[in-house]
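# Results of the structural survey
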Amino acid sequence: MMTIEYLKKLQATPKIGIWKIRGVSENEIKKVEEKFNIQFPLAYSEFLFLAGESCGALPIMDTADLETISSDWHYEIMQEEIRETGLHHTLIRPFWLFAESNGCEQFYFFYLDEGNNPTVYLADYSITDDNKKDIKSLKVNFSTFIEKKIDTAFKRLKEES
């Protein structure tokens, strides 16, 4: 059993409304790390352990589950999108896309060399050229990003009821 150090708020939130949050096994996490020859930051490993199968009502774009994000076909879509929009000139450090929308047109990621609780970045359309993408730091680490998503989910639930 993984000890949760960074995502205690997520650990204490197994469900938002009727939507259950479901994780993946440590073994599944290790398989993906081995497949891509990387090591996930501890905060992200905790996220996967707690919510890697389904992040329930957390508003984290369309796709954030480990099975899809780590699939070969998804990786190819991401690489193509990065090449076509010029991001391959910017994304030169090792990174991991952890959530995306519309076939990687927009995505959240972190760099793999920023420690156990890395800063979250957003790749999104440029405001000056819609054929290009820009990268923006959200200026929060991964655990804070997830905590804010939990707060947003509960706020939405309250507004809808």
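All of the points below concern the structure found in this document. (Residues numbered from 1 in each chain as written. Predicted model: local features only at pLDDT ≥ 70, side-chain atom pairs only at ≥ 80, totals over all residues. Heavy atoms only, no water.)

### Topic: the overall build of the protein
Formally: Secondary structure follows DSSP: runs of H or I at least 4 residues long count as helices, runs of E at least 2 residues long count as strands, and numbering of each begins at the N terminus. Radius of gyration means the value over C-alpha atoms here, while the globule rule gives 2.2 Å times the residue count to the 0.38 power. Think of it in three bands: with a 1.4 Å probe and only protein chains considered, a residue is buried below 20% of the maximum accessible area for its type, exposed above 50%, and partly exposed in between.
Along the backbone of the protein there are six helices and six strands. Sequence-ordered secondary structure for the protein, helices as α and strands as β, is α-β-β-α-α-α-α-β-β-β-β-α. A globule of 161 residues ought to have a C-alpha radius of gyration of about 15 Å, and the protein, at 16 Å, matches this closely. The dimensions of the protein, computed from C-alpha atoms along their principal axes, are 40 × 40 × 25 Å. Taken over 161 residues, the protein has a buried fraction of 45%.

### Some points on unusual backbone geometry
We note that Asn37 has phi near 55°; this positive angle belongs to a residue other than glycine. Within the secondary structure layout, Asn37 lies in the loop between α2 (26-36) and α3 (42-51). Overall, the relative accessible area of 72% leaves Asn37 in the exposed class. The backbone phi angle of Met61 is positive, close to 55°, even though this residue is not glycine. Tracing the backbone through its elements, the reader meets Met61 in the loop between α3 and α4 (66-69). Residue classification places Met61 among the partly exposed positions, given a relative accessible area of 25%.

### Quick word on the packing of α2 against α3
Our working definition: In this description, a line fitted to the C-alpha atoms serves as the axis of each element, helices being fitted only across the stretch in contact, and the angle between N-to-C directions of two axes falls anywhere from 0 to 180 degrees. Here roughly perpendicular refers to angles of 65 to 115 degrees, roughly parallel to angles under 35, roughly antiparallel to angles over 145, and oblique to all remaining angles. Should the near helix be turned anticlockwise from the far one by less than a right angle, the crossing is termed left-handed; should it be turned clockwise, right-handed. Here, residues are in contact when the closest pair of their heavy atoms is within 4.5 Å. Under the scheme applied here, ten amino acids are nonpolar (Ala, Val, Leu, Ile, Met, Phe, Trp, Tyr, Cys and Pro), four are charged (Asp, Glu, Lys and Arg), and all others, including Gly, are polar.
Close contact between α2 and α3 brings their axes to 9 Å; oriented N to C, the two are set at 130°. Considering their axes alone, α2 and α3 lie oblique with respect to each other. Between α2 and α3 lies a crossing whose hand is right-handed. Across from Glu26, Ile29 and Glu33 in α2, the residues of α3 making contact are Ser45, Leu48 and Phe49. A per-class count over the contact of α2 with α3 returns three nonpolar, one polar and two charged.

### With respect to α3
Residues three or four positions apart in an α-helix share a direction because the helix packs 3.6 residues into each turn. The element α3 is extensively covered by neighbouring structure, given that nine of its ten residues are classed as buried. Within the span of α3, buried status applies to Ala43, Tyr44, Ser45, Glu46, Phe47, Leu48, Phe49, Leu50 and Ala51.

### Concerning the sheet that holds strand β3 (residues 95-101)
Definition in use: Pairing between two strands is assigned when DSSP locates at least 2 bridges connecting them.
Reading across from one edge, β3-β4-β5-β6 is the order of the four strands in this open sheet, with antiparallel pairing throughout. At either end of the open sheet lies a strand with only one pairing partner, and these are β3 and β6 (133-141). Each strand of the sheet is rotated relative to its neighbour by a mean of 25°, with strand direction disregarded. With six bridges connecting them, strand β5 (residues 119-125) and β6 associate as antiparallel partners. By the bridge assignment for β6, Leu122 is matched with Lys136.

### Topic: the pairing of β3
For β3, the tally of buried residues reaches seven of seven residues, placing the bulk of the element in the interior. Examined bridge by bridge, β3 and strand β4 (residues 106-111) share six bridges and lie antiparallel to one another. Pairing of Ala99 across the sheet is with Tyr108, part of β4. Turn length for the β3-β4 hairpin, with the two strands adjacent in sequence and antiparallel, is four residues, and the turn residue Asn102 shows positive phi of about 55°.

### So, the environment of Glu105
Within the secondary structure layout, Glu105 lies in the loop between β3 and β4. Classification of Glu105 by relative accessible area gives partly exposed; the value is 29%. Each C-alpha atom of the pair Glu105 and Met2 lies 33 Å from the other, and the pair is 103 residues apart in sequence. Not counting residues within four places of it along the chain, the set of residues in contact with Glu105 comprises Glu81, Ala123, Tyr125 and Lys133.

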